[in-house]
Amino acid sequence: MKTIRKSVFDTVSNTFTFSNTYTNVDIGKRLRDERLKNRYTLEQLAKELNTTVEVIQAWEDSFSLPADNFVKKLSKLYNVSEKYLLGLED
């Protein structure tokens, strides 16, 4: 699946945030909301994905985006589509 991703530099806070180019969905917020809805702690999710808490926090804080393999795993864990996680559909 090919997706278009956009990073925006916020000059006020000097940070990059990632959102979907077309819908302006905050991907990090969506990832955090789904994690909480599915009752995963950061530690549990990190263990499930074989990554670190810091990596997941970076995704949820919109400092980075998950690689495609993580998007696939997350969509299966949360029972949502990859497009939904990336803000391509509601």
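About the cut-offs
Residues numbered from 1 in each chain as written. Predicted model: local features only at pLDDT ≥ 70, side-chain atom pairs only at ≥ 80, totals over all residues. Heavy atoms only, no water. Salt bridge = Lys/Arg side-chain N within 4 Å of Asp/Glu carboxyl O. Helix = DSSP H or I, 4+ residues; strand = E, 2+ residues; numbered from the N terminus. Buried < 20%, exposed > 50% of the residue type's maximum accessible area, 1.4 Å probe, protein only. Polar contact = N/O pair within 3.5 Å; in protein donor to acceptor, adjacent residues only side chain to side chain. Contact = heavy atoms within 4.5 Å.

Some thoughts on the pattern of salt bridges
- Taken as a whole and judged by the stated rule, the model has five salt bridges.
- Where D33 meets K29, a salt bridge forms, and the shortest distance between an N and an O atom there is 2.8 Å. Pair noted here: D33 and K29 are both in helix 1 (residues 27–37), with a separation of four residues, about one helical turn.
- Residue D33 is classed as partly exposed on the basis of its relative accessible area of 37%.
- Between R32 and D61 there is a salt bridge, with the nearest N and O atoms lying 2.8 Å from each other. Remark: D61 occurs in the loop between helix 3 (53–60) and helix 4 (68–78) and R32 occurs in helix 1; sequence separation between them is 29 residues.
- Judged by its relative accessible area of 28%, R32 falls in the partly exposed class.

With respect to the side chain of S62
- Considering the arrangement of structural elements, one finds S62 in the loop between helix 3 and helix 4.
- Accessibility expressed as a relative area gives 3% for S62, which makes it buried.
- Reaching out from S62, the side chain makes a polar contact with the backbone nitrogen of G28 at a distance of 3.5 Å.

Points about the side chain of R35
- On the secondary structure map, R35 appears in helix 1.
- Here R35 is in contact with Y40, T41, L42, L45, E60 and Y78, once residues within four sequence places are set aside.

In short, the description is geometric, and any link to function would need to be established separately.
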